[in-house]
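Coordinate inspection notes
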Amino acid sequence: MAFKYKPSKKAASDFRDQMVMIEQFCVQNNISKSLSSDSYYFVINHVGYRVSNHSTNMILEGDKTVYIHASKTRIMEIYNNLVNGVKLDGRGNPI
């Protein structure tokens with residue numbers, strides 16, 4: 001029998017609270033999300049960004065979107081860093 005991870009009630013509650021904060025942050029900063037809430041899209045200084053926990057095979061020729069591979073729980077950190085002019089790598093970490 002395989003072990004299946006199940007978060008504690010406190011961890012699940014903390015995650016729900018964090019997601020509510022993220023939803024409010026996204027509304028306040030005009031950040032859109034995919035229907036499955038695993039990709040977030042926004043524009044800063046005329047540059048489009050996509051933050052997602054999965055990569056895409058559908059990058060179009062001439063697409064000027066900057067793709068960042070990171071968890072949705074980091075969207076606030078990544079967005080604020082970009083607004084403050086911090087250069088990020090493809091995983092959303094400061095360079």
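Nothing here was measured: the structure is a model prediction, and the numbers come from that model.

**Description of the nonpolar core**
Formed by 18 residues in total, the largest nonpolar core has its most connected members in Ile 31, Phe 42, Ile 68, Ile 75 and Leu 82. Elements that contribute at least two residues to this core include exactly helix 1 (9-28), strand 2 (39-44), strand 3 (47-52) and helix 2 (75-83). The leading source of residues in this core is helix 2, at five residues. Contact partners of Ile 68, with chain neighbours within four places excluded, come to Tyr 49, Arg 50, Val 51, Ser 52, Ile 78, Leu 82, Leu 88, Gly 90, Arg 91 and Gly 92.

**A look at the packing of helix 1 against helix 2**
A packed helix pair is summarised by two numbers, namely the angle formed by the two axes and the spacing between the axes. It is at 10 Å that the axes of helix 1 and helix 2 come closest, and there the two elements cross at 35°. From helix 1, Met 21, Ile 22 and Phe 25 reach across to helix 2, where they touch Ile 75, Met 76, Tyr 79 and Asn 80. Each residue belonging to the contact of helix 1 with helix 2 can be placed in one class, and the counts come to six nonpolar, one polar and no charged.

**What about the sheet that holds strand 1 (residues 32-33)?**
Taken in spatial order, the four strands line up as 1-2-3-4 in an open sheet, and their pairing is mixed. Two strands in the sheet have a free side with no partner beyond their single neighbour: strand 1 and strand 4 (66-69). As defined by bridge partners, strand 1 adjoins strand 2 across two bridges and the pair is classed as antiparallel. When the sheet's bridge partners are listed, Lys 33 is paired in strand 2 with Tyr 40. In this fold helix 2 packs onto strand 2, strand 3 and strand 4, with an angle of close to 15° to the strand it touches most, strand 2.

**Section: the environment of Ser 36**
You can see Ser 36 is positioned in the loop between strand 1 and strand 2. For Ser 36, a relative accessible area of 51% corresponds to the exposed category. Sequence spacing of Ser 36 and Ala 70 is 34 residues, and the spatial spacing of their C-alpha atoms is 15 Å. Within the structure, Ser 36 has its side chain in polar contact with the side chain of Asp 38 (distance 2.7 Å).

Rules and cut-offs
Residues numbered from 1 in each chain as written. Predicted model: local features only at pLDDT ≥ 70, side-chain atom pairs only at ≥ 80, totals over all residues. Heavy atoms only, no water. Core = buried A, V, L, I, M, F, W, Y, C linked by side-chain atoms within 4.5 Å. Buried < 20%, exposed > 50% of the residue type's maximum accessible area, 1.4 Å probe, protein only. Helix = DSSP H or I, 4+ residues; strand = E, 2+ residues; numbered from the N terminus. Contact = heavy atoms within 4.5 Å. Axes fitted to C-alpha atoms, helices over the stretch in contact; angles between N-to-C directions. Nonpolar A, V, L, I, M, F, W, Y, C, P; charged D, E, K, R; others polar. Pairing = 2+ DSSP bridges. Polar contact = N/O pair within 3.5 Å; in protein donor to acceptor, adjacent residues only side chain to side chain.

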